[in-house]
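# A closer look at the structure
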Amino acid sequence: MNFLQMNKFDTKVKNLFFLIFFISFFFFSSTFVYAQKSYTIVLDAGHGGKDPGNEGNGYKEKNIALKVALIVGDELKNDKAINVIYTRSKDLFIDLWKRGDIANTAKADLFVSIHCDSHTSNAYGAGTFVLGLRGNKKNLEIAKRENAVILLEDNYKEKYKGFDPNSAESVIGLSLLQEENLDKSLEIASLIQTNFTKSLKRLDRKVKQDNFQVLRETIMPSVLIELGFLTNKNEGRYLNSKAGQQKMGKAITNAIKNYVNHLKLNTVVEVLKDEENFKNNVEYKIQIASGKNKISTKPYNFKNLKQVQVVKVGSYYKYYYGNASEYKEVLKALKIAKEKGYSSAFIVAFKSGKKISVKEANKMQ
């Protein structure tokens, strides 16, 4: 290649570079909101203060849970996209309802509650729970044990409106909003559990569903982690050690970071969709929840949202809020729903009572 050819080649490369830069600038500028979004993670160290949790082999659950939570928080704070909030950073007693309230007030993207298990046998291994209908008697006993802290709270009967932590019937209830968050809760639970079992070689006690009151109180994807059994001598010693706590904390941290990365990818799609300005003459609504349980559409069941409608689709009940003929109007309803805590709410469209895609509705204007 001679000098003239080299100059022409360099010019082509420069032109290509600027073309790529030009295209990238406009694409990424449209998703700039995504790049700057902060994700709030609430870390909940189980028990505390007058509630020591289980004390298998003399180890205190409340201390181990707090140390691991602080390790996770310190690691996550290194990521500028993540905002960390602790329900407690010291040895304090915090009501279960308050733990959820802290997360809800912060409009958190994820709630992670950290605990240690116990058993009369020599059981061992790590497990992760999400909120759901009780699966079996063994899971029910774990849920009852973690929920029993309610009895230590002042005026617990008034706060929990008759919820009995020792009643199987009370443990069966499941909020529609948590059903809506179930997929995301299962996603982060699976990531955590995989890190425990694959990276740390802990015995896999699986991802399970049950009714933990601390998870019932939250309105975002939530998980409860049982690090292991303090009643098992070897596992208790491991969890009480600095090395064990560092490893368990790192496994949780890496799972949360992976989860946040997935949220970032989803946010790109949401931002691009929200930028579309549709005008139409069809009916728009906001789907705020769905589940197999049918409940009254009274405002108190839906964060005081009024005129909620319910429609049965297959074996599920879908709950809709708002009714607008223009896209810009339904956006206002979507904002209200999300401010109330329905972070997974989304827009749906209907034509003559039949559900259609939003894009299809736009073409009918």
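An account of the accompanying structure is given in this report. Since the structure is predicted, the reported quantities are computational estimates derived from the model, not experimental observations. Within every chain, residues take consecutive numbers counted from 1 along the sequence as written. Reporting of local features is limited, given that this is a predicted model, to residues whose pLDDT is at least 70; pairs of side-chain atoms are given and counted only at 80 or more, and all residues count toward the totals for whole chains, interfaces and linings. Processing note: side-chain calculations cover all non-hydrogen atoms of the structure and skip hydrogens and water entirely.

## Focus on the sheet that holds strand S5 (residues 204-210)
Read across the open sheet, the six strands follow the order S2-S1-S3-S6-S4-S5; overall the sheet is mixed. Where the open sheet ends on each side, the last strands, each with one partner, are strand S2 (82-86) and S5. Across the sheet, the mean angle separating the axes of adjacent strands is 20° when strand polarity is ignored. Of the strand pairs in this sheet, strand S1 (residues 39-45) and strand S3 (residues 110-117) are connected by five bridges, and their pairing is parallel. Bridge assignment links Ile41 to a residue of S3, and that residue is Leu110. Sheet strands touched by helix H9 (residues 182-199): S3, strand S4 (126-131), S5 and strand S6 (222-229). Its angle to S4, the strand with the most contacts, is close to 175°. Whether two residues are in contact is decided by their heavy atoms, any of which lying within 4.5 Å being enough. Helix axes are fitted to C-alpha atoms over the stretch in contact, other axes to C-alpha atoms as well, and angles between N-to-C directions run from 0 to 180 degrees. The helix and strand labels rest on DSSP assignments: H or I over at least four residues marks a helix, E over at least two residues marks a strand, and numbering proceeds from the N terminus. Along the sheet, helix H11 (residues 233-240) makes contact with S3 and S6, crossing S6 at roughly 120°. By this definition, two strands are paired if DSSP reports at least two bridges between them.

## What to know about the environment of Ile94
Structurally, Ile94 is set in the loop between S2 and helix H4 (96-105). Taking the C-alpha atoms as reference points, Ile94 and Asp44, separated by 50 residues in sequence, lie 9.9 Å from one another. With sequence-adjacent residues up to four places away left out, Ile94 is seen in contact with Thr87, Arg88 and Arg99.

## Digging into the side chain of Thr87
Inspection of the secondary structure puts Thr87 in the loop between S2 and H4. For Thr87, a relative accessible area of 7% puts it in the buried group. Nitrogen and oxygen atoms within 3.5 Å of one another constitute a polar contact, given that in protein one can donate a hydrogen and the other can accept it, and given that sequence-neighbouring residues count only through two side-chain atoms. At a separation of 2.6 Å, a polar atom in the side chain of Thr87 contacts the side chain of Asp44. Not counting the four nearest positions on each side in its chain, Thr87 is found in contact with Val42, Leu43, Asp44, Ala45, Ile94, Arg99, Ile102 and Phe111. Relative accessibility decides the category of a residue: with a 1.4 Å probe and only protein chains considered, values under 20% of the type maximum give buried, values over 50% give exposed, and everything between is partly exposed.

## Notes on unusual backbone geometry
In this structure, His47 is a non-glycine residue whose phi angle is positive, near 65°. As for its placement among the helices and strands, His47 is situated in the loop between S1 and helix H3 (61-76). A relative accessible area of 8% means that His47 is categorised as buried.

## Concerning the pattern of salt bridges
A carboxyl oxygen of Asp or Glu within 4 Å of a side-chain nitrogen of Lys or Arg is what we treat as a salt bridge. Per the counting criterion, the structure on display carries 10 salt bridges. One salt bridge in this structure joins Asp101 and Lys98, with 3.6 Å as the shortest N-O distance. Note that Asp101 and Lys98 are positioned in helix H4 at a spacing of three residues, about one turn of the helix. A relative accessible area of 28% places Asp101 in the partly exposed class. Taking the shortest distance from any N to any O, the salt bridge between Glu329 and Lys332 comes out at 3.5 Å.

## With respect to the side chain of Glu61
Structurally, the position occupied by Glu61 is in helix H3. Residue Glu61 is classed as buried on the basis of its relative accessible area, which comes to 2%. A polar contact of 2.8 Å, which involves the side chain of Glu61, links it to the backbone nitrogen of Asn54. Separated by 3.4 Å, the side chains of Glu61 and His115 make a polar contact.

## Quick look at the pairing of S4
Here S4 lies mainly inside the structure; six of its six residues are buried. Residues Ala126, Thr128 and Val130 line one face of S4 and the alternating positions Gly127, Phe129 and Leu131 line the opposite face, and both faces are buried. Sheet topology note: the S4/S5 ladder contains five bridges and is parallel. Paired with Thr128 across the bridge in S5 is Val207. Two elements, S4 and S6, share three bridges in a ladder whose sense is antiparallel. Counterpart to Phe129 in the pairing with S6 is Leu224.

## Quick notes on the environment of Phe93
Along the chain, Phe93 falls in the loop between S2 and H4. Judged by its relative accessible area of 22%, Phe93 is partly exposed. The spacing of Phe93 and Lys62 is 31 residues in sequence and 9.7 Å in space, taken between C-alpha atoms.

## Remarks on the packing of aromatic side chains
Pairing of aromatic rings covers Phe, Tyr and the six-membered ring of Trp, with a centre-to-centre limit of 6.5 Å; geometry is then stacked below 30 degrees between planes, edge-to-face above 60, and tilted otherwise. This model, assessed by the stated rule, comprises four aromatic pairs. Judged by centre distance (5.9 Å) and plane angle (75°), the rings of Tyr284 and Tyr327 are edge-to-face. Linking Tyr284 in strand S7 (residues 283-291) with Tyr327 in helix H13 (residues 327-339), this pair joins segments that are 43 residues apart in sequence. Residue classification places Tyr327 among the buried positions, given a relative accessible area of 4%. Ring centres 5.2 Å apart and planes at 40° place the aromatic pair Phe302 and Tyr319 in the tilted group. Of this pair, Phe302 sits in the loop between S7 and strand S8 (309-313) while Tyr319 sits in strand S9 (residues 316-324); the two residues are 17 residues apart in sequence, bridging distant segments of the chain. Here the two residues Phe302 and Tyr319 agree in accessibility, since each one is buried. Criterion for a charge above a ring: Lys NZ or Arg CZ within 6 Å of the ring centre, and within 35 degrees of the ring normal. Its guanidinium or amino end placed over the ring of Phe93, Lys50 lies 4.7 Å from that ring's centre, counting from NZ or CZ. Over the ring of Tyr238 we find Arg202; its NZ or CZ atom is 4.0 Å from the centre of that ring.

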